[in-house]
Every structure is written in structure tokens, then in C-alpha cells.
Amino acid sequence: MSFLQEFKAFAMKGNVVDMAVGIIIGGAFGKIVTSLVEDIIMPPVGLLVGGVNFSRLAITLKPAGIDATGKVIEAVKLNYGNFIQTTIDFLIISFSIFLAIKALNSLRKKQEIQAAQQPPVPTKEETLLTEIRDILKGKENR
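Structural notes, computed from the coordinates. Just so we're clear, the structure is a prediction, and the values are computed from it rather than from any experiment.

What counts and how
Residues numbered from 1 in each chain as written. Predicted model: local features only at pLDDT ≥ 70, side-chain atom pairs only at ≥ 80, totals over all residues. Heavy atoms only, no water. Helix = DSSP H or I, 4+ residues; strand = E, 2+ residues; numbered from the N terminus. Expected span 1.5 Å × (residues − 1). Buried < 20%, exposed > 50% of the residue type's maximum accessible area, 1.4 Å probe, protein only. Polar contact = N/O pair within 3.5 Å; in protein donor to acceptor, adjacent residues only side chain to side chain. Contact = heavy atoms within 4.5 Å. Core = buried A, V, L, I, M, F, W, Y, C linked by side-chain atoms within 4.5 Å. Patch = residues over 30% accessible without salt bridge, like charges linked within 9 Å, V, L, I, M, F, W, Y side chains within 5 Å. Areas by Shrake-Rupley, 256 points an atom, 1.4 Å probe, with all protein chains shown as cover. Salt bridge = Lys/Arg side-chain N within 4 Å of Asp/Glu carboxyl O.

1. Details of helix H3 (residues 80–117)
Between the first and last C-alpha of H3 there are 55 Å, a value that for 38 residues agrees with the 56 Å anticipated at 1.5 Å per step. Along H3, the positions that sit buried rather than exposed are Gly81, Gln85 and Asp89.

Below, the structure is given as C-alpha cells:
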């Protein structure tokens, strides 16, 4: 099998395609949650703590300046506000995923309980053997 054929067989497996779809949807979900945090959650939180915009919180380690040749030197900053916002993004995403998995597990358990409560469907072989048994019992009773 050539390398290209082997790769095609690998890429067309169901799990790989499912994983790719999950990654794409996860990326889009991450953008939605980021927007939720940045645009909906953080402004009221910033207002509650005195009108602070978390994305602008930073500690300046070295201020901006101009060197001897006239070239602008950018400031060196620790952007801890972005870190706080990213941490909140992570917490919301992980909590959302936890809720989704919890719901899926709940549905799976309900399906397993329903399946356990239903009697198993006899196979063709079992049905045939039951019919033969019933015929033989009928001959013995005559």
C-alpha cells in the first residue's frame, strides 16, 4: 500500500473525521466563549471593582523610550489583565464542557437502563429451537 493510499485510509476513518469536526466546532465555541467573557461578563465585573478594564491591566517593567539613534523602544509589560481574562475564559469553557458531558452521561445511563429493562430479542437460532421444542412437546402430549 502506497503512502498516499495509507494516508487516505487513515483520514477517512470515522474517528479522524469526528475528531476534525470536534476541533472545528471547539474552535468556534472558544471564540463564542471569549466574546461572552470579554464583551458580556468582564465589563460588569470591571464596573463592580471600580471601573477597571481587565484587558488593560498591566505592570510596566520598562517604560517606552527613544534610543540614541531616535528609534522608538516599546515598553516591556506584564499583561496580567489578559491572563485573568484568559483564565476566566478557560473556567467557563471547562464548566460548559463538564455540563455537556454530564448531560450526555445522563442520557447514556437512561438508555442503558431502558435497554436492561427490555427483554432481549431472541436470535433466529433461538426462535427456531423454541419452535422445534414446542413441536416435540406437542407430539409427546398426543
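Having seen the model, we can carry on.
2. A word on the side chain of aspartate 89
Along the chain, aspartate 89 turns up in helix H3. Only 3.5 Å separates the side chain of aspartate 89 from the side chain of threonine 34, close enough to count as a polar contact. Contacts of aspartate 89, omitting those with residues within four sequence positions, involve Val33, Thr34 and Val37.

3. A word on the nonpolar core
Membership of the largest hydrophobic core is limited to five residues, which are Val33, Val37, Met42, Phe54 and Leu57. Apart from the residues lying within four places of it in its own chain, the contact partners of methionine 42 are Val37, Phe54, Gln85 and Ile88.

4. Thoughts on the side chain of glutamine 85
With respect to the helices and strands, glutamine 85 occurs in helix H3. Classification of glutamine 85 as buried rests on a relative accessible area of 7%. Excluding its chain neighbours within four sequence positions, the residues that come into contact with glutamine 85 are Val37, Glu38, Met42, Phe54 and Ser55.

5. Focus on a nonpolar patch on the surface
Together, Ile59, Leu61, Val76, Leu78, Tyr80 and Phe83 make up a nonpolar patch on the protein surface, roughly 590 Å² of accessible area in all. Counting residues per element, the ones that place at least two in the nonpolar patch are strand S1 (59–62), strand S4 (76–78) and H3. Looking at where isoleucine 59 falls in the secondary structure, it is placed in strand S1. Given a relative accessible area of 43%, isoleucine 59 falls into the partly exposed group.

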